[in-house]
Amino acid sequence: MVTINLDLQKNTVIDSIIERFDFADDSSSTENPKTKEQKIAHFLEKFSEGVLGIADQYRFSNSADLMTLLQGLADNESKGVTYWDYIEVDTLLSLQKTKTNYPDEVIFIAYHQIHELYFKLIIQELEKITCPSKFESFVSADQVQQWQDGLQRVIRYMNKLIGSIDILKYGLSSKEFSKFRKSLLPASGFQTHQFRLIEIMLTPFEYLIKSGIREVTNPADLTLENHFDDIYWRSAVMAAGQPAKILTNFNAKYDRLFTEQLKYFSTCNLYFKYLAASEEFRNKVKGVMIRLEESILMWKIAHLKTVRAHIPIFVKGTGGVHWSEYLEVKNQKIYYFPVFWEGLDTSEKLDKKIKEIEEKYPSKIMQELNEIWEDGQA
Ligand code: HEM
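The residue numbers shown here count from 1 along each chain, following its written sequence. Only residues with pLDDT of at least 70 are given local features in this predicted model, and only at 80 or more are side-chain atom pairs given and counted; all residues enter the totals for whole chains, interfaces and linings.

(A) Main features of the overall build of the protein. Runs of E in the DSSP output that reach at least two residues are strands. Runs of H or I that reach at least four are helices, and both are numbered from the N terminus. Along its length, the protein carries 19 helices and zero strands. Exposure criterion: with C-beta atoms placed from backbone coordinates, a residue whose C-beta has 20 or more other C-beta atoms within 10 Å is buried, one with 12 or fewer is exposed, and one in between is partly exposed. Out of the 378 residues belonging to the protein, those deemed buried represent 22%.

(B) A look at the environment of Leu-121. Here Leu-121 shows up in helix H6 (residues 104-129). For Leu-121 and Tyr-157, which are 36 residues apart along the polypeptide, the C-alpha to C-alpha distance reads 8.0 Å.

(C) Spotlight on the packing of H6 against helix H10 (residues 193-202). Put simply, H6 and H10 touch, their axes get as near as 9 Å, and they point 20 degrees apart. Taken together, the axes of H6 and H10 lie roughly parallel to each other. As H6 runs across H10, the sense of the crossing is left-handed. Residue-level inspection shows Glu-116, Phe-119, Lys-120, Ile-122, Ile-123 and Leu-126 of H6 in contact with H10, the latter providing Gln-194, Phe-195, Leu-197, Ile-198 and Met-201. Note on geometry: axes are C-alpha line fits, over the in-contact stretch for helices, and angles between N-to-C directions span 0 to 180 degrees. Here roughly perpendicular refers to angles of 65 to 115 degrees, roughly parallel to angles under 35, roughly antiparallel to angles over 145, and oblique to all remaining angles. It is the rotation of the near helix from the far one that decides the hand of a crossing: anticlockwise by less than a right angle makes it left-handed, clockwise makes it right-handed. Contacts are defined on C-beta atoms placed from the backbone: any two residues whose C-beta positions lie within 7 Å are in contact.

(D) A look at the environment of Ser-174. Mapped onto the secondary structure, Ser-174 falls in helix H9 (residues 174-180). Measuring from C-alpha to C-alpha, the distance between Ser-174 and Asp-104 comes to 9.4 Å, with 70 residues separating the pair along the chain.

(E) Layout of helix H13 (residues 245-264). Between the first and last C-alpha of H13 there are 28 Å, a value that for 20 residues agrees with the 28 Å anticipated at 1.5 Å per step. Consider a residue and the seven residues that end there alongside the seven that start there; fitting an axis to each set, the bend is the angle between those axes. Maximum bend of H13: about 60 degrees, positioned at Tyr-254. Close packing links the buried residues of H13 with H10 and helix H12 (232-239). Working rule for helices: expected span equals 1.5 Å times residues minus one.

(F) Representation of H12 in the model. Taken residue by residue, H12 has Trp-233, Arg-234, Ala-236 and Val-237 as its buried positions. Buried residues of H12 fall within an arc of 160 degrees about the axis and therefore sit on the same side. Of the surrounding elements, those touching the buried residues of H12 are H13 and helix H16 (323-326). Of the residues one or two after H12, Gly-241 is the one with positive phi, at around 125 degrees. An arc is given here, and it is the one of the directions from the helix axis to the C-beta atoms.

(G) The packing of helix H15 (residues 279-310) against helix H18 (residues 347-360), seen in detail. Axis separation between H15 and H18 bottoms out at 10 Å; the angle between their running directions is 90 degrees. On the basis of the axis angle, H15 is roughly perpendicular to H18. Across the interface between the two elements, Glu-294, Leu-297, Met-298 and Ile-301 of H15 pack against Ile-357, Glu-358 and Lys-360 of H18.

(H) Layout of unusual backbone geometry. For the peptide bond that leads from Leu-185 to Pro-186, omega is 0 degrees, which places it in the cis range. Within the element layout of this structure, Pro-186 appears in the loop between H9 and H10. Here the phi dihedral of Glu-88 falls at roughly 55 degrees; this positive angle occurs in a residue that is not glycine. Structurally, the position occupied by Glu-88 is in the loop between helix H4 (83-86) and helix H5 (89-93). Look at Glu-88 and you get exposed, because 11 C-beta atoms sit within 10 Å. If you check the backbone angles, Lys-333 has positive phi at about 50 degrees while not being a glycine. You can call Lys-333 partly exposed: it has 19 C-beta atoms within 10 Å.

What is shown is where atoms sit, not what they do.
Now the structure itself:
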């Protein structure tokens, strides 16, 4: 016999369940419960019978889990929830609003949306490790597992995106893309703010500054106030001449957010925390940090190779930049964790390292991507 100790006066979950079930009409009951106490006793009796019946399917590791289930049953909002309501299927399916009638435009939009969803999950993982609360820059020894698991999740998400990027080549008609692309200008994946937030969470501001300025400036002078425009993605568009709409629109919408986030993560971005951790800690998470950085750079490599399938190399991107130069990882020289890139001071060494990263990825994907690059526009 299990004794359940409930404070009947205070238990709003039970109250709410009682209100929602008409126990008085239960004809199978020998004695119709009248008072609140009788109703509760009756409910518990029925409930325990029910629980025993489904005990194999529902195992609660603690009482909080059981209360969550009860809360769910009692809550008006969630009672009778359906798949389509919970997942918001109708809303989700209404979000692919094309600007033309080319069917492949739906693929283009949906695939970008898939990226944004993965980016959201990545940000959620990074948030747990980087800044769960402000100024929390110190890492304790017992967080090794959390780092390994969390960063492994991020790598897994990035790898899913890398592994699916051939959708852009084989699942998207270049002919249709070249037609509907004109109606999208000046929008570009360049403007995904979540990708930029991921970068801000990975590394301090100074390592997002474009190569050329970063190396010759005293690190203490690389302040947000003086060098905001030198962030690599901003300066690439600015250098192309009059700041193109791709950047001015983007700045107008996100400058404030980026400035806030750059400040917020300045002392708790992943690299900062990694460097501040003990040597023992660093040794344990070094492998996963390297793979994390490689997965993001690999996404950049895969993306660049597929852009080639759709935009002729001599046509500038919407930002006015020569995309084939700008998007090259070895030209950008943006390394989120510079300590792993030390000693790569010549372009030969850099080429070799980038080749090594590519070789770690499944050869089928790389082979397809390389063919795309070599064939040029289909
Ligand atoms: C057919 C598909 C695609 C084409 C032709 C394409 C083209 C381009 C081009 C030309 C650029 C350089 C900036 C510009 O001038 O626009 C760029 C940058 C970028 N695109 Fe894409 N893109 C495609 C798909 C995607 C997807 C699915 C995403 C995911 C959100 C994405 C995210 C980005 C990002 C983050 C950048 C900036 C990269 C960096 O700064 O290193 N793109 N893209």
